[in-house]
Each structure stands twice: as structure tokens, then as C-alpha cells.
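# Structural overview
Each chain is listed here by its residues.
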Amino acid sequence: MGLSAAFFDLDKTVIAKSSALAFGRPFYRDGLISRRDMVKSAYAQLMFRLGGGTDEQAMARTRDYLAALCKGWRVEQVQQIVAETLDELINPYVYAEAATLIAEHQAAGRDVVLVSASGDEMVRPIGALLGITDIIATRMSIVDGRYSGEVEFYAAGPSKVVGVRELAAERGYHLADCYAYSDSSSDLPLLESVGHPSAVNPDRALRRAAAENKWPVLEFRHPIPLSRRLRDRPAVPVAAAALSVGVGAAIGFAIYARHRRTRTPA
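Given the structure is predicted, the values throughout are model-derived calculations rather than measurements. (Residues numbered from 1 in each chain as written. Predicted model: local features only at pLDDT ≥ 70, side-chain atom pairs only at ≥ 80, totals over all residues. Heavy atoms only, no water.)

## As for the overall build of the protein
So the rule is basically this: Each helix corresponds to a stretch of at least 4 residues labelled H or I by DSSP, and each strand to a stretch of at least 2 residues labelled E; elements are numbered beginning at the N terminus. When accessible area is computed with a 1.4 Å probe and restricted to protein chains, residues below 20% of their type maximum are described as buried, those above 50% as exposed, and intermediate ones as partly exposed. Two residues qualify as a contact provided that any one of their heavy atoms is within 4.5 Å of a heavy atom in the partner residue. Accessible surface area values rest on a Shrake-Rupley calculation with a 1.4 Å probe, where residue burial reflects the displayed protein chains alone.
From N to C terminus, the protein includes ten helices and seven strands. Burial status across the protein gives 51% buried among its 266 residues. For the protein, contacts bridging at least 24 residues in sequence account for 66% of all contacts bridging at least 6. In the structure as shown, the protein presents an accessible area of about 13200 Å², 51% of it carried by carbon and sulfur atoms.

Below, the structure is given as C-alpha cells:
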């Protein structure tokens, strides 16, 4: 347990795609969702992101839609699908910059926490892939091994801060000493709750807020499989690549060693 923590949003911050939508195809293949559900889910996510995701009614609609969509699914089946497809659907899309930054925080003795609106059954295995055990994610109510259609905790917007503060109280973190990273203005409450916020690949509203608050801005642009380890450390440490507001700079990387791709254990 570290004395402070670094809280990372997942989608477009640690991985270069939506974690929930990434599993749409295998869910469709296994009969959990229809093609229409796939289109509706993608559209809902797009509208949420374009709108900044800050509207409480929009969040509530998204939460209720996902709860209804998942009702009756067997939890074991979802876990199996995620385990079987994680290496194909998520591993190649982890930002190298994010993986490096996570390792830097861990080396400094901080706990690293993934904070995501996606379901716990998806986020926890992704965390394991990254060497992260602390997760704050959406939790669905489960009855007799199936999702009941109710949401116990929806880890989006201000609710993320609730989860963060609960963990901080449990661990004894001082949030003023903690770090947070996100790409979306919907996570402004999360970023404002810590002493060291950073915007990563920010949407327009978050970029404006970062400028107003003089927060560092990071641009992550290199998704690679985690099985490809760096031969050397990045030419420019990620922590030093925080961009001052209005200044563009790319993070330099050394040549990646090519290793045989290995399958991540479930």
C-alpha cells in the first residue's frame, strides 16, 4: 500500500478505444446482444463523448440502458468472453506512454488505480494485464449468477469521486498528494479532487478547463502490445512530457524490442 495514489481513467487514457465497445463483437457472437444493440451502444457512447458526458440526465440514461441490456446475462459467461478475447481486443491498444507512466508511479511507491465507467468484469482483467489490482468500476447487481438489471454503483462523473474518496479514506491517502489522469470533461470532478491532475488526449471542454486551471496536458499516441517491451527507456520520460498549455510536443520513444507475442493469462 502506497502513501498516495495515481488514478487513471481507462478509455482513451490508458487504452486507445472504448473498453465496453471493444467486447461488442464477441458479445454479439455469443448471442448476448443483437446487431441493433451494437449500433445503439456505439451511438450512445459517441453521443456521450461528444457531449462531454457531463449532463446528469445523459449519464442516467446511459446507466439505465446498460443495466437493461445486461439483464439476464450470466456473469460467468461474460467473464469467460473477456478472458478469451482480452489479448486480441485490448492488449494491442494499450498506450505505451500510459504503461510507462503507470510503471513510474509504481516505482515511486504510489498505488495505481483504474477508475472506469465500464463494468468491473471488464476492467479488472484489464487492470491485471497492466499489473494493477486496485479498481473502481461500475458494479451490477447479481442474483443467482446473473445480472439483475440493477446497478449497484455507476462509476461515472461525480460518482467516480465517491469511489476515490472511499478508497482514500480506507488507505489513508491525502488527495492533495494524489494524481489523476483522464481524457474527458465528464471526469472534471475526478481531476479537481486531487492535487496533481493531468488531461490526457483531452476533449475540447477538458482542454479548455486544463488551460484555465494550468493543468498539464499529455498526448498519448503510441498503442502497442504490452508483450513488446522497450529495449531502452523512453527517450523522453513521460513525466517530463507533460505539455504546458498551448505547447505541442511529442513523446520520444526508443526502438521497441520485438518479442514473441504471448497470451496473457486469464
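Anyway, onward from the coordinates.
## Some remarks on the pattern of salt bridges
Put simply, the test is: Any Lys or Arg side-chain nitrogen located within 4 Å of an Asp or Glu carboxyl oxygen qualifies as a salt bridge.
Summed over the entire model, instances satisfying the criterion amount to nine salt bridges. Between Asp64 and Arg63 there is a salt bridge; the shortest N-O distance is 3.0 Å. On the basis of relative accessible area, Arg63 is assigned to the partly exposed category, the value being 30%. Look at the salt bridges and you will find they share partners, linking Asp9, Lys160 and Asp187 into a network.

## Let's talk about the side chain of Ser118
We apply this condition: Pairs of N or O atoms within 3.5 Å make up the polar contacts considered here, provided that, within protein, one atom can donate a hydrogen while the other can accept it, and that residues adjacent in sequence are counted only when both atoms are side-chain atoms.
Structurally, Ser118 is set in strand β2 (residues 111-119). A polar contact is formed between the side chain of Ser118 and the side chain of Ser19, at a distance of 2.6 Å. If sequence neighbours within four positions are ignored, Ser118 has contacts with Asp11, Ser19, Ala20, Val123, Ala137 and Thr138.

## Observations concerning the packing of helix α5 (residues 75-89) against helix α7 (residues 120-130)
So the rule is basically this: Think of each axis as a best-fit line through the C-alpha atoms, taken over the contacting stretch in the case of a helix, with angles from 0 to 180 degrees between the N-to-C directions. Helix crossings fall into two classes, left-handed where the near helix is turned counterclockwise from the far one by less than a right angle and right-handed where it is turned clockwise.
Where α5 contacts α7, the two axes come as close as 9 Å, and the packing angle between them is 35 degrees. Regarding α5 and α7, the two cross each other, and that crossing is right-handed. Of the residues in α7, those in contact with Val75, Val78, Gln79, Val82 and Leu86 of α5 are Glu121, Met122, Pro125, Ile126 and Leu129.

## Examining helix α8 (residues 158-171)
Structural remark: α-helix, 3.6 residues per turn; residues separated by three or four positions point the same way. Quick reminder of the rule: To estimate the expected span of a helix, count its residues, drop one, and scale the result by 1.5 Å.
Taking 1.5 Å per residue as the helical rise, α8 with its 14 residues ought to reach 20 Å, and the 20 Å between its terminal C-alpha atoms agrees with that figure. Buried-residue contacts for α8 involve β1 (5-9), β2, β3 (134-143), β4 (146-153) and α9 (188-192). Trailing α8 by a residue or two, Gly172 shows a phi angle of about 85 degrees, which is positive.

## A word on the packing of aromatic side chains
Rule in force here: Each Phe, Tyr or Trp ring (for Trp, its six-membered ring) is paired with any other whose centre lies within 6.5 Å, and the angle between the two planes then decides the class: stacked below 30 degrees, edge-to-face above 60, tilted in between. Either the NZ atom of lysine or the CZ atom of arginine qualifies as a charge over a ring when it sits within 6 Å of the ring centre and within 35 degrees of the ring normal.
In this structure the tally under the stated criterion is five aromatic pairs. Taken together, Phe23, Phe27 and Trp73 form an aromatic cluster joined through their ring pairs. The ring of Tyr93 has Lys17 lying over it, and the distance from NZ or CZ to the ring centre is 4.0 Å.

## Some words on the sheet that holds β3
For clarity, the cut-off: Here the rule is simple: two strands pair whenever DSSP picks up at least two bridges between them.
Read across the sheet, seven strands follow the order β4-β3-β2-β1-β5-β6-β7 without closing on themselves; strand pairing throughout is mixed. The two strands at the open ends of the sheet, each matched to only one other strand, are β4 and β7 (217-218). By the bridge criterion, three bridges tie β1 to strand β5 (residues 179-182) in an arrangement that is parallel. Within β5, the position partnered with Ala6 by the bridge is Tyr179. α7 contacts β2, β3 and β4 of the sheet and is inclined by roughly 150 degrees relative to β2.

## Concerning the nonpolar core
How we decide: Among buried residues, those of type Ala, Val, Leu, Ile, Met, Phe, Trp, Tyr and Cys that are joined through side-chain atoms within 4.5 Å constitute a nonpolar core.
In terms of nonpolar packing, the biggest core is built from 43 residues, with Phe8, Val14, Phe27, Trp73, Ile90 and Leu114 touching the most fellow members. Breaking this core down by element, the ones donating at least two residues are β1, α4 (56-70), α5, α6 (96-107), β2, α7, β3 and β5. Looking at this core, the element that brings in the most residues is α5, giving six residues. Contact partners of Phe8, with chain neighbours within four places excluded, come to Val14, Leu101, Ile102, His105, Val112, Val113, Leu114, Val115 and Tyr181. In terms of nonpolar packing, the next biggest core, distinct from the first, is built from 25 residues, Val161, Leu190, Ala210 and Val217 among them.

## Notes on unusual backbone geometry
The backbone of Lys12 shows a phi angle near 65 degrees, a positive value even though the residue is not glycine. You will see that Lys214, though not glycine, has its phi angle at about 60 degrees, which is positive. With respect to the helices, strands and loops of the structure, Lys214 is situated in the loop between α10 (204-213) and β7.

## Digging into the confidence of the model for the protein
How we decide: The predictor attaches a confidence to each residue, and that confidence, scored 0 to 100, is pLDDT.
Looking at the protein as a whole, its pLDDT mean stands at 82, while 77% of the residues score no less than 70. In the predicted structure, residues 229-266 sits below a pLDDT of 50 and forms 74 contacts with residues beyond four places in sequence or in another chain.

## A look at α7
For α7, a buried count of eight out of eleven residues is recorded, marking the element as mostly surrounded by other parts of the structure. All buried positions along α7 are accounted for by Asp120, Glu121, Met122, Val123, Ile126, Gly127, Leu129 and Leu130. Just downstream of α7 lies Gly131, where phi reads positive at about 80 degrees.

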